[in-house]
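Each chain is listed here by its residues.
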Amino acid sequence: MKKFYSFALLALTMGFVFVSCDKDKDDPQEDKSAKAIHSLPVSSIDAVTVDNVKSYTLSLSLKDNQYYLATDTTNKVGYYFKDNIEIAPFIINHTFSASGFGEGFTFSSCSDATTPGYTNLSAITKKGVSTNTYLISNSGAWNTTPSEISFVEGKSFLAKEIYVTNATYAYLAIKDQNDGNQSPLVKQWTDDDEFILTITGYSNGQPTGSIEISLADGMDILNTWKKVDLSELGYVTSIGFSVSSTDTGDWGMNTPAYFCIDQLKVVEHTRE
């Protein structure tokens, strides 16, 4: 395991993480501390029925500068407690420590586009596509919890579309060689480097197809929400997300394995 991320995991486990999610850094009177929440709003799914076909869009709106932590501490996996987020029909992989986000996905309305490092759970866009909230992922290859979204009761849905963008952590590490460390572990990015998000569909564990999205192609670094057509994945029972980078070392990928998604849309399985 790469030394920096080993330290990050240790810091999370021992309760040393203070998440920076400041909405505005120029107002000294504003309470800028991020707050963890432990319950999600009920109205978090946009469900639409047209011609007897029902589609679901995963969308959520939290108060500003909040991130979601579940509460179940009975199921411990590695350094973290596993408590998936279920917002029917979606099941979102999520693990957490008592003091901060761990692995998989979590909801965030943090809006800090300037602070480097793993304590910043913000999208570079500072907000979601249509609300202030989005999903942020820690998707390192060494993680015990994969970044995955599945469906209740193992149901099958037709994947339609999703929006993706960079997390502030990865964006600043690539753009400015600033990963929050005094001696950065990331390299100076060049025009030949790439940071790729791969989205893979699965039907009962068998891949249905994969789509690659460029989060950074040289110095062309994604800093807006990009709409991605998922229809070639077909009918899926789960969708997996992983990242890869040309900046790798003896301990694996140096680029922070963080990215953000929003507005995942699926259509109810209606095949006979």
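Residues numbered from 1 in each chain as written. Predicted model: local features only at pLDDT ≥ 70, side-chain atom pairs only at ≥ 80, totals over all residues. Heavy atoms only, no water.

(A) The packing of aromatic side chains, seen in detail. The tally for this structure, following the rule as stated, stands at 10 aromatic pairs. Arranged with centres 5.8 Å apart and planes meeting at 50°, the rings of F90 and F151 form a pair that is tilted. Here the residue F90 occupies a position in strand β8 (residues 90-92), and F151 occupies one in strand β12 (residues 147-151), the gap between them amounting to 61 residues. Across the pair, exposure class does not vary: F90 and F151 are buried alike. Joined through ring pairs, the aromatic side chains of Y56, F90, F151 and F157 make up one cluster. (Phe/Tyr/Trp six-rings, centres within 6.5 Å; stacked < 30°, edge-to-face > 60°. Helix = DSSP H or I, 4+ residues; strand = E, 2+ residues; numbered from the N terminus. Buried < 20%, exposed > 50% of the residue type's maximum accessible area, 1.4 Å probe, protein only.)

(B) Up close: the nonpolar core. By size, the foremost hydrophobic cluster in this structure holds 65 residues, and its most contacted members are F107, I149, I199 and F241. No other element matches strand β22 (residues 258-268), which puts six residues into this core. In contact with F241, not counting residues within four places along its chain, are F105, S139, S147, I149, I162, L197, T198, I199, F259 and I261. (Core = buried A, V, L, I, M, F, W, Y, C linked by side-chain atoms within 4.5 Å. Contact = heavy atoms within 4.5 Å.)

(C) Geometry of the pattern of salt bridges. On inspection of all chains with the given rule, the structure shows four salt bridges. The closest approach of N and O atoms between K155 and E153, which form a salt bridge, is 3.7 Å. By relative accessible area, K155 is classed as partly exposed at 38%. With relative accessibility at 71%, the residue E153 sits in the exposed group. In this structure, E161 engages K227 in a salt bridge whose closest nitrogen and oxygen atoms are separated by 3.5 Å. Here the residue E161 occupies a position in strand β13 (residues 157-166), and K227 occupies one in strand β17 (residues 226-229), the gap between them amounting to 66 residues. (Salt bridge = Lys/Arg side-chain N within 4 Å of Asp/Glu carboxyl O.)

(D) Quick peek at the sheet that holds strand β16 (residues 220-221). If you trace the seven strands from one edge of the open sheet to the other, you get β7-β8-β12-β19-β14-β15-β16, paired in antiparallel fashion. For this open sheet the edge positions go to β7 (85-87) and β16, each flanked by a neighbour on one side alone. Of the strand pairs in this sheet, strand β15 (residues 206-217) and β16 are connected by two bridges, and their pairing is antiparallel. Across the sheet, residue A216 finds its bridge partner in β16, namely I221. (Pairing = 2+ DSSP bridges.)

(E) Local environment of the side chain of T133. Its location among the elements puts T133 in the loop between β10 (100-108) and β11 (134-138). For T133, a relative accessible area of 0% gives the class buried. Engagement of the side chain of T133 in a polar contact is seen with the side chain of N132, the distance being 2.6 Å. Sequence-distant contacts of T133, that is, excluding residues within four places in its chain, are made with L60, S61, L62, F107, S108, S109, G128 and D262. (Polar contact = N/O pair within 3.5 Å; in protein donor to acceptor, adjacent residues only side chain to side chain.)

(F) Main features of unusual backbone geometry. The omega torsion of the bond from A88 to P89 falls at 10°, within 30 degrees of zero and hence cis. Phi is positive for K126, close to 70°, though the residue is something other than glycine. Here K126 lies in the loop between β10 and β11. By relative accessible area, K126 is classed as partly exposed at 38%. The phi dihedral of Q263 is positive, around 55°, even though this residue is not glycine.

(G) Representation of helix α2 (residues 168-176) within the structure. In terms of burial, α2 is a largely internal element, seven of the nine residues being buried. Buried residues of α2: T168, Y169, A170, Y171, L172, A173 and I174, and no others. Just past α2, the residue Q177 takes up positive phi, approximately 55°.

(H) Fine view of the environment of I199. Tracing the backbone shows I199 in strand β14 (residues 194-203). For I199, a relative accessible area of 0% translates into the label buried. The residues contacting I199, other than those within four sequence positions of it, are I162, V164, G209, S210, I211, I213, L230, L233, I239, G240 and F241.

(I) Summary view of the confidence of the model for the protein chain. Looking at the protein chain as a whole, the pLDDT averages 87, with 86% of positions reaching at least 70. Across residues 1-20, where pLDDT falls below 50, the model places 52 contacts with residues more than four positions away in sequence or in other chains. Note on residues 23-30: pLDDT is under 50 here. Beyond four places in sequence and across chains, it has 15 contacts. (pLDDT = per-residue confidence, 0-100.)

(J) Inspection of a negative patch on the surface at higher detail. Together, D191, D192, E194, E212, D217 and D220 line one region of the surface with negative charge. Relative to the helices and strands, E194 is located in strand β14. The exposure class assigned to E194 is partly exposed, which follows from its relative accessible area of 37%. (Patch = residues over 30% accessible without salt bridge, like charges linked within 9 Å, V, L, I, M, F, W, Y side chains within 5 Å. Areas by Shrake-Rupley, 256 points an atom, 1.4 Å probe, with all protein chains shown as cover. Lys, Arg positive; Asp, Glu negative; His and termini not counted. Charge placed at Lys NZ, Arg CZ, Asp CG, Glu CD.)

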